Amino acid sequence: MPRIEEVFNTNELINYFKEAVVIPMLGESLFPERKIQDIEFDMILGRGGLPVSASVHAFDTKTMLASREAIEKGVQSLSLIKRQIKITEKELIKIQNPRNDAELAFVLSQLYNDSEKLVESIKVRVEAMRMEILSTGKVKIEENGVKVTIDYSVPTGNQLPFSWVAAGSTPLIDLDTLATAVETECGTRPTRALTSRKVVKAICANTSIKKAVFGVNSDKLVTLALLNDLLIQSDLPIILVYEGKYKIETADGFSTVRYFPENIISMFGDSTLGETIYGLTAEEVKLIGDGKMEQASMVGNIFAGTYTSIDPVGEFTKVAATAMPSFPHAEEVGIATITL
């Protein structure tokens, strides 16, 4: 009759996730992940062009800023993200008094499945921050009593509004206006763009785009492939559609949210835009303090483990991470807000 701490514990979870195959999210290619042995990192901005500074606004918090002549560096504390789930009494009973090995294996598989969902929830929150940076130039956190806005200072000239409501609107000219603004700011022209399917459909249905692709009086449909061919010929960024969504828990249940807004086009170059910095969690620090160095060294970017609560009595699976994207190439991004 196994005890739960013998078959499902922090060490088992760390081993499990060490071997797990995780499908990377889109934001990871633009902001590659890196782990540091700290809870603060030096966030450098403006390295690619003229120097800009990030301003951090928080209640009851101070921000340390150290200036240099050509580079501004803010000491940015990593955001703590965590989530937990209680192991039910029914599951505990089945683990400690299984009718057979198959039942024990099934219950443990359910617990590991819950753990995977918890780890995914951390990655979802980090992806949401990356896409918020890419679509607004900021990260705004208002949850669990934390109110912080981090402004990465995308140049004002790189953030333009366009209206494509009128029949005579010219998306190609507008996209060139934004690309030229970015090139003027940083010296390099954007080569890639991210937007929604709704915006792409609006561009493809536009009369001026149809004329540019097929000539006059054509009823053919402009596809994304044809549109991207036109954009390449016009020295404009090719477009990638991002329709990813996730759910957030509210007082009334769950609501579905987009990673990337439906009315935004962001354009940028071929290189990465920054990094996703992961730091130490309190749980890792405790493992190190308890002398469990081998166990602590196995923790990846996200800590996953178990703990016991005495009052009230309960067994919990918990995941935690400290993470924050850096954005040193903010001047290389152009953000267009589209009215359709």
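Residues numbered from 1 in each chain as written. Predicted model: local features only at pLDDT ≥ 70, side-chain atom pairs only at ≥ 80, totals over all residues. Heavy atoms only, no water.

Enquirer: Please set out the overall build of the protein residue by residue, giving values where relevant.
Expert: Tallying secondary structure elements over the protein gives 11 helices and 18 strands in all. Looking at the protein as a whole, 43% of its 340 residues qualify as buried. Taking as baseline every contact in the protein between residues at least 6 positions apart, the subset at least 24 positions apart corresponds to 74%. Accessible surface, the protein: about 18,000 Å² in total, of which carbon and sulfur atoms supply 53%. (Helix = DSSP H or I, 4+ residues; strand = E, 2+ residues; numbered from the N terminus. Buried < 20%, exposed > 50% of the residue type's maximum accessible area, 1.4 Å probe, protein only. Contact = heavy atoms within 4.5 Å. Areas by Shrake-Rupley, 256 points an atom, 1.4 Å probe, with all protein chains shown as cover.)

Enquirer: So what's going on with the pattern of salt bridges? Which residues, and what values?
Expert: Going through the model one piece at a time under the given rule, you end up with 13 salt bridges. One salt bridge in this structure joins glutamate 183 and arginine 189, with 2.9 Å as the shortest N-O distance. Among the charged side chains, a salt-bridge network with shared partners connects Glu28, Glu33, Lys123, Glu127 and Arg130. (Salt bridge = Lys/Arg side-chain N within 4 Å of Asp/Glu carboxyl O.)

Enquirer: Pulling in residues and values, what's your account of helix H2 (residues 10-19)?
Expert: The set of residues buried in H2 consists of Thr10, Leu13 and Ile14. Looking straight down H2, one finds that the buried residues subtend no more than 100° of arc, so they occupy a single side. (Arc of directions from axis to C-beta.)

Enquirer: Help me get a handle on the packing of H2 against helix H5 (residues 101-136), residues and values and all.
Expert: At a minimum axis separation of 11 Å, H2 and H5 run at an interaxial angle of 65°. Here H2 lies roughly perpendicular to H5, going by the angle between them. When you trace H2 past H5, the crossing you get is right-handed. For the pair H2 and H5, contact is made by Glu12, Leu13, Tyr16 and Phe17 and by Tyr112, Ser115, Glu116 and Val119, respectively. Looking at the contact of H2 with H5 residue by residue, the classes come out as five nonpolar, one polar and two charged. (Axes fitted to C-alpha atoms, helices over the stretch in contact; angles between N-to-C directions. Parallel < 35°, antiparallel > 145°, perpendicular 65-115°, else oblique. Left-handed = near helix turned anticlockwise from the far one by under 90°. Nonpolar A, V, L, I, M, F, W, Y, C, P; charged D, E, K, R; others polar.)

Enquirer: Explain the packing of aromatic side chains to me, using residue names and the numbers behind them.
Expert: Using the criterion set out here, one finds four aromatic pairs in the structure. Both rings, one in tyrosine 242 and one in tyrosine 259, keep their centres 6.0 Å apart while their planes meet at 5°; by these two values the pair is stacked. Of this pair, tyrosine 242 sits in the loop between strand E11 (238-241) and strand E12 (245-250) while tyrosine 259 sits in the loop between strand E13 (253-258) and strand E14 (264-268); the two residues are 17 residues apart in sequence, bridging distant segments of the chain. The two residues tyrosine 242 and tyrosine 259 agree in class, both being buried. (Phe/Tyr/Trp six-rings, centres within 6.5 Å; stacked < 30°, edge-to-face > 60°.)

Enquirer: With reference to specific residues and values, describe the sheet that holds strand E18 (residues 334-339).
Expert: The strands that make up a sheet are held in pairs by hydrogen bonds between backbone atoms, and each pair lies either parallel or antiparallel. With mixed pairing, the five strands of this open sheet are ordered in space as E9-E18-E14-E10-E11. The open sheet is flanked by strand E9 (159-163) and E11, the only strands paired with a single partner. Here the average twist between neighbouring strands, direction ignored, is 25°. Two strands pair when backbone bridges link them, and E9 and E18 are joined in this way by five bridges, in the parallel orientation. Paired with leucine 160 across the two strands is alanine 336, which belongs to E18. Helix H7 (residues 197-205) contacts strand E10 (192-195), E11 and E14 of the sheet and is inclined by roughly 135° relative to E11. (Pairing = 2+ DSSP bridges.)

Enquirer: Break down the environment of valine 154 for me, with residues and values.
Expert: Residue position: valine 154 is located in the loop between strand E8 (146-151) and E9. Not counting residues within four places of it along the chain, the set of residues in contact with valine 154 comprises Gly137, Gln159, Phe327, Ala330, Val333 and Ile335.

Enquirer: Describe the environment of valine 333, with residues and values.
Expert: Examined against the element boundaries, valine 333 turns out to sit in the loop between strand E17 (313-325) and E18. The sequence separation of valine 333 and arginine 192 amounts to 141 residues, and the corresponding C-alpha distance is 10.0 Å. Those residues in contact with valine 333 that sit more than four places away from it in its chain are Leu134, Val154, Asn158, Val182, Met267, Phe268, Leu273 and Phe327.

Enquirer: How would you explain the side chain of threonine 317 if you had to name every residue and give the values?
Expert: Within the secondary structure, threonine 317 is located in strand E17. Given the relative accessible area of 2%, threonine 317 is considered buried. Residues within four places of threonine 317 in sequence aside, it is in contact with Phe8, Leu13, Arg83, Gln84, Ile85, Ile87, Ser115, Leu118, Gly305 and Thr306.

Enquirer: How would you explain the pairing of strand E15 (residues 276-279) if you had to name every residue and give the values?
Expert: Burial along E15 is two-sided: Thr276 and Tyr278 and Ile277 and Gly279, pointing in opposite directions, are all buried. Here strand E1 (residues 33-35) runs beside E15; their pairing, made up of three bridges, is parallel. Across the sheet, arginine 34 pairs through a bridge with isoleucine 277, a residue of E15.

Enquirer: Would you mind going over the nonpolar core in detail, with residue names and values included?
Expert: Ranked by internal contacts, the top residues of the largest apolar core, which has 39 residues, are Leu134, Tyr259 and Phe327. At 10 residues, the largest contribution of residues to this core is made by H5. If we ignore the near neighbours within four places in the chain, the residues touching tyrosine 259 are Met25, Val124, Glu127, Ala128, Met131, Tyr242, Gly244, Lys245 and Tyr246. Within the second largest apolar cluster, 21 residues are counted, among which are Phe162, Leu175, Val199 and Val200. (Core = buried A, V, L, I, M, F, W, Y, C linked by side-chain atoms within 4.5 Å.)

Enquirer: Before we move on, can you summarise the confidence of the model for the protein with the specific residues and values?
Expert: When pLDDT is averaged across the protein, the result is 81; 81% of the residues are at 70 or more. Counted against residues more than four places away or in other chains, residues 49-74, with its pLDDT under 50, gives 52 contacts. (pLDDT = per-residue confidence, 0-100.)

Enquirer: Residue-level account of the pairing of E12, with values.
Expert: Along any regular strand, the residues point their side chains to alternate faces of the sheet. With six bridges connecting them, E12 and E13 associate as antiparallel partners. By the bridge assignment, isoleucine 248 is partnered in E13 with serine 255.

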